[in-house]
Amino acid sequence: MLQNDNRAQFSTRLGVIATTVGSAVGLGNIWRFPYEAGTHGGGAFLITYLCFIFAFGIPILCAEFMIGRGTHSNIFGAFRQLRSSGKWHWVGYIGIVASIMILSFYSVVAGWTLEYLYQSITGALNLNSQEAYHAQFQQFSTHPWRPLLWTILFLIVNFVIVIRGVQKGIERMSNIMMPILFLILIIFCVNSLLMPGAKEGLEFLFSPDFSKIDSSVMVSAMGQAFFSLSLGLGTMMTYASYFSKETHIVKSATITACLDTTVAILSGVIIFPAVFTFGVSPTQGPALVFEVLPNIFNQLPGGSLWSILFFFLLFIASLSSTISMSEVSIAYFTEEKKMSRNKATILNTAIALIFGTLCALSFNCLDNITIAGMTIFSIFDYVSSNILLPAGGMFISFFAGWLLDRSFIHNQLTNNGSVKVRVTKAIIFSLKYVAPTGIILVFLSSLKLI
Ligand code: TRP
C-alpha cells in the first residue's frame, strides 16, 4: 500500500479498519497500558485515560483522517496545501522527532518480546515461582548484550519490510493475526478471572479512587491515549491519505478507538488479577507484564504453546506499529527531501539504531545516566509520549478547529454530503475548544503552574 506514490486506495471498509487498528494495537496496549495504569493508581488512571480517548482522542483522530484524506499527502505536504503561509510545517518536525524517539525505545521492548518468544521455544520460561520470573527478567534486561542484540534484530526486520515496500504482506498477515490475538486475549481474561486475586485485581483497575487523580496521572493518561491511538505525529494522517472517498471518517475513527481501548482493557483484566494472585507490586514499571505473563502461561495447560503463540502475535502487532511510525520520517525524506526510498529507510533505521542502542543499554551500563531519576529509556518514553504527541495533537486540533475551512471539514466528515453525521458539531467543538485547552491545562498543571 505505502510503497509508491500512486496513492492506491484501500478497497474495502475492512481494509481501512484493519490497517488503522494494526497501527494502533501494539505494545502500547499490552505492555504500556498495564504498567502505566499500575504505577498511576489503576482505576484513577483508567477513567482519566477513557475521558481523554473520547474527549480528545476520537476528535483528533477524525482531524488527522480529514486532513490526510483531503490533501492526499503526508503531514508536511498537508499543512503546506492547506496553509502555505505560516510555520505549520513545524508540527511535522515534532512528528519526526517523536516518531524516531518512539521507534528507538519501542524496538527495545519489541526485542524483549523476541527474547521471550525464544525462551518460550527453548523451555526457559518454565520456572516455579514469581521471584524466579522477576530474577529472569532482571538478569536478561541487565545483560550486557542480549537485549541490544534483539533490539538490533527487530530494527533489521522492520528495515527489511519497509525498504522492500512489502508492508502489504505484513499488513495482510496482521489482518489475520490481530483477530487471533484478540481471541487468545479473551481466553487469558477468562483464566485470570478465575484466579484467587481476581476480585482485588478488578477492583484495582475498575474502582477509581478519584482523590488519586493528580497532574501526574493526567499527564500519563493523556500520553497513553495519544500513544495508544498512534496520534499526534501524522501517522494516521499518512494512512488516511490512502482512504477512498467512501470511507466514513467518524465511524472509522470510533471503531479504531473502541477496538484499541478494548485491547488495552483486556490486557489490564489479564494482568491485574494475576498481579494480586502472585503478590507482585503493580508499580513495577516497564518490567511488569514481562514478569507476570510468563507465570500466567506457565500455569495454563499446554503452557509453552500459549506463550509461543502470544509472544509471536505480540511481535507481529509491534511490527505493524513500527512500520506505521517509520512511514512518517520516510515520507518526509522521500516526498519533501526527494531522497530515494532506500536512502530514506536506511537513514531512519540508522538513527533508530543509535538511539535504540542507548535505550537498550540504559538498563545496564548506562543506567547511571539519569535526568530527574529517569534513565535514557524512560526519558525517551516520557518525552515522546507524554509531551511531544499531545503537543502535536494540540496543534493538529487547533489547526482543524480554527484554520480549516468549515466546508472542507463538512465535506470530509460527510463524504461531500452523502452520509449523515450527527456528531459533526461535537467534533468541531472538541477540536476548537476542548482538545487544545484541555491539553494546555494538563501541561500547565504538570508544570505546577496551575
Ligand atoms: N499505537 C501503537 C501502540 O499502541 C504505537 C504507535 C504506532 C504509535 N504508531 C504510532 C504511537 C505513532 C504514536 C504515534 O503500540
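Heads up: the structure comes first, above all this text.
Residues numbered from 1 in each chain as written. Predicted model: local features only at pLDDT ≥ 70, side-chain atom pairs only at ≥ 80, totals over all residues. Heavy atoms only, no water.

A. View of the overall build of the protein. When you go through the protein residue by residue, the secondary structure sums to 18 helices and 0 strands. Computed over the C-alpha atoms, the radius of gyration of the protein is 21 Å, within 12% of the 22 Å expected from 2.2 N^0.38 for a compact globule of 450 residues. Each principal axis of the C-alpha distribution contributes one length, and for the protein these read about 60 × 50 × 45 Å. Burial status across the protein gives 61% buried among its 450 residues. (Helix = DSSP H or I, 4+ residues; strand = E, 2+ residues; numbered from the N terminus. Rg over C-alpha atoms; globule rule 2.2 N^0.38 Å. Buried < 20%, exposed > 50% of the residue type's maximum accessible area, 1.4 Å probe, protein only.)

B. Region of the structure containing the site of the ligand. Near the ligand there are 17 residues, and of these Ala24, Gly28, Tyr106, Phe227 and Ser230 occur at the shortest range. The contact in question runs from an oxygen atom of the ligand to an N or O atom on the side chain of Asn29, over 3.4 Å. Calculation on the ligand without its partners gives an accessible area of 360 Å², and the protein chains cover 100% of this total. Elements with a minimum of two residues in the shell around the ligand: helix 1 (13-24), helix 2 (27-39), helix 5 (89-122), helix 10 (215-228) and helix 14 (303-336). Counted by class, the shell around the ligand contains 8 nonpolar, 9 polar and no charged residues. (Near = heavy atom within 4 Å. Polar contact = N/O pair within 3.5 Å; in protein donor to acceptor, adjacent residues only side chain to side chain. Areas by Shrake-Rupley, 256 points an atom, 1.4 Å probe, with all protein chains shown as cover. Nonpolar A, V, L, I, M, F, W, Y, C, P; charged D, E, K, R; others polar.)

C. Local environment of a nonpolar patch on the surface. A grouping of Phe398, Trp402, Phe429 and Tyr433 is seen on the molecular surface, where their side chains present a nonpolar patch of about 430 Å² in accessible area. Listing elements by their share of the nonpolar patch, those giving two or more residues are helix 16 (376-403) and helix 18 (424-446). With respect to the helices, strands and loops of the structure, Phe398 is situated in helix 16. What makes Phe398 partly exposed here is its relative accessible area of 37%. (Patch = residues over 30% accessible without salt bridge, like charges linked within 9 Å, V, L, I, M, F, W, Y side chains within 5 Å. Salt bridge = Lys/Arg side-chain N within 4 Å of Asp/Glu carboxyl O.)

D. Region of interest: unusual backbone geometry. At His72, a residue that is not glycine, the phi angle is positive and equals roughly 50°. With respect to the helices and strands, His72 occurs in the loop between helix 3 (43-71) and helix 4 (75-82). One non-glycine residue with positive phi stands out, namely Ala372, at about 50°.

E. Highlighting the pattern of salt bridges. Here the structure, examined in full by the defined rule, presents 6 salt bridges. Measuring nitrogen to oxygen at the nearest pair gives 3.4 Å for the salt bridge that ties Glu203 to Lys199. Of this pair, Glu203 and Lys199 both sit in helix 9 (residues 198-206), 4 residues apart, roughly one helical turn. Accessibility expressed as a relative area gives 41% for Glu203, which makes it partly exposed. Owing to a relative accessible area of 62%, Lys199 belongs among the exposed residues under this scheme. Through salt bridges with shared partners, a single ionic network connects Arg32, Glu36 and Asp381.

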